[in-house]
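Structure assessment
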Amino acid sequence: MSAPTVTTGNGAAPPPLTRLSPEDEAWRAHVRAFAEEHIAPLSDRMDRDATLDPGLREKLFSAGLMAVEAPARYGGRGGSLFQVVLTIEEVARVDPGVAVGVDVHNALVVATLLRQGTGDQKRRRLPLLATRQVGAFALSEENAGSDAFAGTTTAVPTSDGGYRINGRKRWTSNAGQADVFLVFARTEGHGSSAFLVDRTAEGLSIDPRTEQMGVRAAATADVVLTDVRVRRQDCVGGPGGGEGVAIGALDIGRIGIAAQMVGLAQGALDEAVAYSRTREQFGQPIGSYQGVRFTLADIATEVAAARALLYDVTRTVAAGTDIAERLRLTAMAKYFASQVAERAASRALEVLGGNGFTREYPLERFYRDVKAGKIYEGTSNMLLRSIAGSL
């Protein structure tokens, strides 16, 4: 008995998950060429300096990489969530640290405004975020990491209908270069609320950058808010809507982290394959030895599986699904991609042997960068808890 043929509504068989449309393929090629030409030459210095190159920041905006999903009427590309994922993946293939900044801006700040902002907030904020202002997502605090809503930052109502915010936000990616922050604070009687706060606001300051071992170009730092005044119009999701805003943002954010990890894993594999073709031992390229070939084949298989899951989850979320399904799928995508990426970076580094342990090759940086993927926007244990709870 032959198996039935599954078709779409127009009678055609559905395309493979990882086959891109001509438009998506052209966008991926654009981002890949941009990353190799403009990001790769700066990666080592940005890693050492722990900051994004100012000239590169301008080029990221000019190339459309910082407003992929924003509609054209706001100055964006009018692209899709899937193209956001492709952007993050291709940038991470060259520099995961830069990919963090691109991810936070697109998947946490711009995406949140698009999905949960008011018409006024979109009109005022998106044209700036699409063309020149960098966004940051300020949720975590010293004692509120995995328990994200246990923060102590407060927003107290003022007589003019606005709020006065006090607190400190930790480990804020993009903080060192951001122009606007999406800040979460407790509002008495309402729970958590989310506010758009400009860097120029009186009372907002950025502590010296946080020295971290990887993704250093993301310019991570603490954000300190001392009697910072914000208008009611800059409360996203309304008073008490912060938890819903954060959960919605982090769902998209987890897809972004999964894209970072798939891109990093692919970049590590690319480096190991290239090295295996040119490095000779005992009179022949090391890629001719089974031990190396099988290692590369194993990495490639896992990367392909992680990419397929990532693309499937992205398309499912974009098509619309209930919140429980979305939480489960995005947790799976991020968890699996981070596991695969960590193994890929470690094993690819070993293919290079002693050279992989030096700064002369990108794998040393990839190996440091990859660990963040199992920590931020939901640790692996928190993701497993979420997945298990859905079974």
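Residues numbered from 1 in each chain as written. Predicted model: local features only at pLDDT ≥ 70, side-chain atom pairs only at ≥ 80, totals over all residues. Heavy atoms only, no water.

Secondary structure assignment for the protein yields eleven helices and ten strands. What you see for the protein is a C-alpha radius of gyration of 21 Å, in line with the 21 Å of a compact globule of 391 residues. Expressed along its principal axes, the backbone C-alpha trace of the protein runs to roughly 80 × 55 × 40 Å. Within the span of the protein, comprising 391 residues, buried residues form 53% of the whole. For the protein, the proportion of contacts with a sequence separation of at least 24, taken over those separated by at least 6, is 73%. As presented, the protein carries roughly 17,000 Å² of accessible surface, and 52% of it is formed by carbon and sulfur atoms. Taking the 44 positively charged and 45 negatively charged side chains of the protein as two groups, their mean positions are separated by 2 Å. (Helix = DSSP H or I, 4+ residues; strand = E, 2+ residues; numbered from the N terminus. Rg over C-alpha atoms; globule rule 2.2 N^0.38 Å. Buried < 20%, exposed > 50% of the residue type's maximum accessible area, 1.4 Å probe, protein only. Contact = heavy atoms within 4.5 Å. Areas by Shrake-Rupley, 256 points an atom, 1.4 Å probe, with all protein chains shown as cover. Lys, Arg positive; Asp, Glu negative; His and termini not counted. Charge placed at Lys NZ, Arg CZ, Asp CG, Glu CD.)

Turning next to the UniProt feature "domain: Acyl-CoA dehydrogenase/oxidase C-terminal" (unreviewed entry) in the protein. As recorded in UniProt, the feature "domain: Acyl-CoA dehydrogenase/oxidase C-terminal" (unreviewed entry) lies at residues 241-389. For the annotated span residues 241-389, helix accounts for 76% and strand for 3% of the residues, and the straight-line distance between the end C-alpha atoms is 24 Å. (UniProt positions renumbered as here; feature names shortened; annotations may be inferred.)

Another point: helix α9 (residues 323-351). Because the α-helix completes a turn every 3.6 residues, residues three or four places apart line up on one side. Between its terminal C-alpha atoms α9 stretches 42 Å, which fits the 42 Å expected from 29 residues at 1.5 Å a residue. Two or three places before alanine 324, at the opening of α9, aspartate 322 has a side-chain oxygen 3.1 Å from that residue's backbone nitrogen. Phi turns positive, to about 60 degrees, at glycine 353, one or two residues after α9. (Expected span 1.5 Å × (residues − 1). Polar contact = N/O pair within 3.5 Å; in protein donor to acceptor, adjacent residues only side chain to side chain.)

Moving on, we get to the pairing of strand β5 (residues 191-198). Of all eight residues in β5, six are buried, a share of seventy percent or more. Pairing between strand β4 (residues 180-187) and β5: eight bridges, direction antiparallel. When the sheet's bridge partners are listed, threonine 187 is paired in β5 with glycine 191. Connecting the antiparallel pair β4 and β5 is a turn made up of three residues, with glycine 189 showing a positive phi of about 85 degrees. (Pairing = 2+ DSSP bridges.)

Here the focus is the packing of helix α4 (residues 81-94) against helix α8 (residues 290-319). Relative orientation of the contacting elements α4 and α8 amounts to 150 degrees, with a least axis distance of 9 Å. Between α4 and α8, the angle is such that the two are roughly antiparallel. For the element pair α4 and α8, the recorded crossing hand is right-handed. Between α4 and α8, the residues in contact are Leu81, Phe82, Val85, Leu86 and Glu89 and Arg307, Leu310, Tyr311, Thr314, Arg315, Val317 and Ala318, respectively. (Axes fitted to C-alpha atoms, helices over the stretch in contact; angles between N-to-C directions. Parallel < 35°, antiparallel > 145°, perpendicular 65-115°, else oblique. Left-handed = near helix turned anticlockwise from the far one by under 90°.)

Per the stated rule, a full pass over the model turns up 33 salt bridges. Linking arginine 32 and glutamate 90 is a salt bridge whose minimum nitrogen-to-oxygen distance equals 2.8 Å. Within this pair, whereas arginine 32 is found in helix α1 (residues 22-39), its partner glutamate 90 is found in helix α4, the two being separated by 58 residues in sequence. The exposure class assigned to arginine 32 is partly exposed, which follows from its relative accessible area of 32%. Ionic pairing is found between lysine 169 and glutamate 141, a salt bridge with its closest N-O pair at 2.8 Å. Taken together, the residues span a long stretch of sequence, with lysine 169 in strand β3 (residues 163-172) and glutamate 141 in the loop between β1 (135-138) and β2 (154-157) at a distance of 28 residues. (Salt bridge = Lys/Arg side-chain N within 4 Å of Asp/Glu carboxyl O.)

Attention now goes to the packing of aromatic side chains. Counted according to the given criterion, the structure contains four aromatic pairs. Between the aromatic rings of tyrosine 275 and tyrosine 361, the centroid separation amounts to 5.7 Å while the plane-to-plane angle is 90 degrees, which identifies the pairing as edge-to-face. Taken together, the positions of tyrosine 275 in helix α7 (residues 242-278) and tyrosine 361 in the loop between α9 and α10 (363-369) put the pair 86 residues apart, joining distant regions of the chain. For tyrosine 275, a relative accessible area of 8% translates into the label buried. Against the face of phenylalanine 82 rests arginine 315, its NZ or CZ located 4.3 Å from the ring centre. (Phe/Tyr/Trp six-rings, centres within 6.5 Å; stacked < 30°, edge-to-face > 60°. Lys NZ or Arg CZ within 6 Å of the ring centre and 35° of its normal.)

Our focus in this paragraph is the pairing of β1. Covered by surrounding structure in β1 are Gly135 and Phe137 together with Ala136 and Ala138, the residues of both alternating faces. Relative to β4, β1 runs parallel, the two being bridged by four bridges. Bridge pairing in β4 places alanine 138 opposite valine 183.

For the protein, the assigned domains read domain 1 (22-134), domain 2 (137-238) and domain 3 (243-389). For domain 1 and domain 2, the distance between their C-alpha centres works out to 22 Å. Facing 29 residues of domain 1, the contacting portion of domain 2 comprises 22 residues. Both faces combined, the contact of domain 1 with domain 2 buries some 2,100 Å², and carbon together with sulfur accounts for 55% of it. Of all residues in domain 1, Ala50, Arg125 and Val134 bury the most surface against domain 2, accounting for 26% of the area lost on that side. The interface formed by domain 1 and domain 2 contains four salt bridges. Counting across the interface, domain 1 meets domain 2 through 13 residue pairs in polar contact (both at pLDDT 80 or more). Every element with two or more residues in the side of domain 1 that touches domain 2 is listed here: α2 (43-49), α5 (96-116) and α6 (119-131). Looking at the side of domain 1 that touches domain 2 element by element, the count peaks at twelve residues for α5. Split into classes, the residues belonging to the side of domain 1 that touches domain 2 amount to twelve nonpolar, nine polar and eight charged. (Domains from an automatic or database assignment. Buried area = accessible area lost by both parts, 1.4 Å probe. Nonpolar A, V, L, I, M, F, W, Y, C, P; charged D, E, K, R; others polar.)

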